[in-house]
Amino acid sequence: MQKKDINWGELGFGYQVTEARYVSEYKDGSWDEGRITEDANIVLNECAGVLQYAQTVFEGLKAYTTEDGRIVCFRPDLNAARLVDSCRRLEIPPFPEDRFVEAVVETVKANAAYVPPYGSGATLYIRPYIFGTNPVIGVKPADEYQFRIFVTPVGPYFKGGVKPIVIRVSDVDRAAPHGTGDIKAGLNYAMSLHNIVDAHAKGFDENMYLDPATRTKVEETGGANFIFVSADGQTLITPKSGSILPSITRRSLMYVAEHYLGMKVEHREVLFSELDNFSECGLCGTAAVISPVGKINDHGREICFPSGMEDMGPVTRKLYETLTGIQMGHIEAPEGWIKEIL
Ligand SMILES: *Cc1c(COP(=O)(O)O)cnc(C)c1O
């Protein structure tokens with residue numbers, strides 16, 4: 001297979017159209033058999049459920065070329081299961097989990113020429129999503145849906161090396177208790193856009209959301225979970241709350257910390273007042289794997305992590321290198337984590 005003539009090293013994190021995408025339609029109570037199509041555009045009625053009442057959910061994962069030239073993706077079964085959870089919450093008929101994984105494999109195969117080569121730092125980002133398509137004007141779930149997957153090659157998240165970021169404590173809340181914070185839905189992102197634009201305008205990279213009920217506990221950012229390292233470097237601590245999106249990267253890092261690095265792992269409520277005790281802080285998600293956080297600004301008071309503003313802290317780096325090593329195939333993966341595509 002001839003790779004596309006793309007300058008892989010220069011790619012950013014943006015959308016680039018490729019030749020093939022997957023589509024399956026839901027009608028009369030069932031999903032059709034699905035197919036690959038070349039048409040990147042979708043024609044919808046003006047009153048489609050997704051356009052009027054935001055009935056849509058999505059996923060995000062990546063395919064990689066390993067050192068020995070295979071194309072693989074990372075734990076797609078967890079994306080399949082999470083998409084089902086998201087669907088249930090928004091009254092969308094779930095797409096079957098086994099078919100989800102098959103559809104990811106089929107879509108990546110059809111776009112193999114766009115999977116960046118090993119060592120380029122770039123990866124193939126995979127975006128599955130479902131949305132209500134038929135006209136809905138009275139408030140109710142749609143009767144017809146599309147499940148789609150497109151892919152786009154993306155560059156290394158941090159060009160020219162990883163630099164710790166600066167985040168601020170947000171005055172706006174992300175997700176109500178017992179709300180929709182734990183599902184992957186566009187509605188959770190629409191509300192975050194104003195706040196992230198404002199954060200950037202004021203010189204911050206991200207917003208740290210606290211629990212809306214008490215504003216004393218750490219939740220997450222707009223699109224990534226937090227990880228913290230204890231002062232002695234022995235424990236990985238991650239916030240637990242019913243309104244945090246269950247990140248697959250975070251769950252994988254907890255496993256890596258315990259089983260590869262011999263650390264203790266705590267998944268529990270994390271008080272904002274505890275942050276001064278931690279030695280390292282990071283954001284985790286599929287896009288960047290881990291972004292180290294150097295500083296948190298709480299209305300002018302700065303919490304500066306001992307790992308500083310120059311580089312990832314030592315524990316964060318070990319976690320990052322181990323997990324990316326597993327993904328790229330040069331560290332042995334736990335059973336079932338790597339799905340072979342080609
Ligand atoms: C997607 C997402 C994450 C990261 O999840 P991964 O499965 O690790 O990519 C974290 N928080 C939110 C709100 C998200 O939408």
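Residues numbered from 1 in each chain as written. Predicted model: local features only at pLDDT ≥ 70, side-chain atom pairs only at ≥ 80, totals over all residues. Heavy atoms only, no water.

**Student:** Give a detailed account of the domain arrangement of the protein, specifying residues and quantitative values.
**Tutor:** Assigned domains within the protein: domain 1 (8–154) and domain 2 (165–328). A C-alpha centroid distance of 26 Å is found between domain 1 and domain 2. Every contact between the two is made by 25 residues of domain 1 and, on the other side, 21 residues of domain 2. Between domain 1 and domain 2, the buried area comes to about 1,800 Å², and carbon and sulfur atoms account for 66% of it. Three residues stand out in domain 1 for area buried against domain 2, namely F58, F74 and R82, and they jointly supply 33% of the buried area on that side. At the junction of domain 1 and domain 2, the tally comes to zero salt bridges. The interface formed by domain 1 and domain 2 contains nine residue pairs in polar contact (both at pLDDT 80 or more). Looking at the side of domain 1 that touches domain 2, the element that brings in the most residues is helix α2 (residues 76–89), giving six residues. Residues that form the side of domain 1 that touches domain 2 fall into these classes: 11 nonpolar, seven polar and seven charged. (Domains from an automatic or database assignment. Contact = heavy atoms within 4.5 Å. Buried area = accessible area lost by both parts, 1.4 Å probe. Salt bridge = Lys/Arg side-chain N within 4 Å of Asp/Glu carboxyl O. Polar contact = N/O pair within 3.5 Å; in protein donor to acceptor, adjacent residues only side chain to side chain. Helix = DSSP H or I, 4+ residues; strand = E, 2+ residues; numbered from the N terminus. Nonpolar A, V, L, I, M, F, W, Y, C, P; charged D, E, K, R; others polar.)

**Student:** Explain the state of the cysteines residue by residue, including any values.
**Tutor:** Applying the stated criterion to the full structure yields zero disulfides. The thiol of C304 is not disulfide-bonded; the next cysteine sulfur, from C281, is found 12 Å away. (Disulfide = S-S within 2.5 Å.)

**Student:** Lay out the side chain of R21 with the relevant residues and their values.
**Tutor:** Here R21 lies in strand β1 (residues 21–27). For the buried residue R21, which engages in no salt bridge, the nearest side chain bearing the opposite charge is D39, 6.6 Å off. One polar contact links the side chain of R21 to the main-chain carbonyl oxygen of E19, over a distance of 2.9 Å. With residues up to four places along the chain from it excluded, the contact list for R21 reads Y15, R35, I36, T37, E38, D39, A40, T107, R148, I149 and F150. (Buried < 20%, exposed > 50% of the residue type's maximum accessible area, 1.4 Å probe, protein only. Lys, Arg positive; Asp, Glu negative; His and termini not counted.)

**Student:** Tell me what's going on with the nonpolar core, and back it up with residues and numbers.
**Tutor:** Counting residues in hydrophobic clusters, the biggest one holds 39 residues, and the most contacted among them are V57, F100, V104, V108, I126, I130 and F147. The biggest single contributor to this core is helix α3 (residues 97–110), with six residues. Among all residues touching I130, those that are not within four sequence positions of it are W31, Q55, T56, V57, L83, C87, I92, F95, Y145, Q146 and F147. (Core = buried A, V, L, I, M, F, W, Y, C linked by side-chain atoms within 4.5 Å.)

**Student:** Provide a residue-level description of the pairing of strand β13 (residues 264–268), including the pertinent values.
**Tutor:** When strand β12 (residues 235–239) meets β13, the two strands line up parallel, connected through five bridges. Bridging across to β13, T238 finds its partner in H267. Handedness of the β-α-β unit built from β12, helix α6 (residues 248–259) and β13 comes out right-handed. (Pairing = 2+ DSSP bridges. Right-handed = clockwise from strand over helix to strand, strands pointing away.)

**Student:** Could you give me a rundown of a nonpolar patch on the surface, with the residues and numbers involved?
**Tutor:** Side chains of Y53, I137 and V139 sit close together on the surface and give an oily, nonpolar patch of about 350 Å² of accessible area. Here V139 is to be found in the loop between β7 (123–132) and β8 (145–154). What makes V139 exposed here is its relative accessible area of 72%. (Patch = residues over 30% accessible without salt bridge, like charges linked within 9 Å, V, L, I, M, F, W, Y side chains within 5 Å. Areas by Shrake-Rupley, 256 points an atom, 1.4 Å probe, with all protein chains shown as cover.)

**Student:** I'd like a description of the site of the ligand, backed by residues and values.
**Tutor:** Taken together, 15 residues lie near the ligand, and K184, Y189, S247, T249 and T286 sit nearest. At 2.6 Å from an oxygen atom of the ligand is found a side-chain nitrogen or oxygen belonging to T286. Grouping the amino acids of the shell around the ligand by side-chain chemistry returns four nonpolar, seven polar and four charged. (Near = heavy atom within 4 Å.)

**Student:** Describe in detail the pattern of salt bridges, supporting the description with residues and values.
**Tutor:** On inspection of all chains with the given rule, the structure shows 17 salt bridges. Residue E59 pairs with R82 through a salt bridge whose shortest N-O separation is 2.7 Å. Here E59, found in the loop between β4 (56–58) and β5 (61–65), pairs with R82, found in helix α2; they are 23 residues apart in sequence, far enough to count as distant. E310 is the salt-bridge partner of K163, the closest N and O atoms lying 3.1 Å from each other. Taken together, the residues K163 in the loop between β8 and β9 (165–169) and E310 in the loop between β16 (301–304) and α7 (314–328) connect sequence positions 147 residues apart. You can call E310 exposed: its relative accessible area is 58%. Overlapping salt bridges bring together D68, R70 and E340 as one network.

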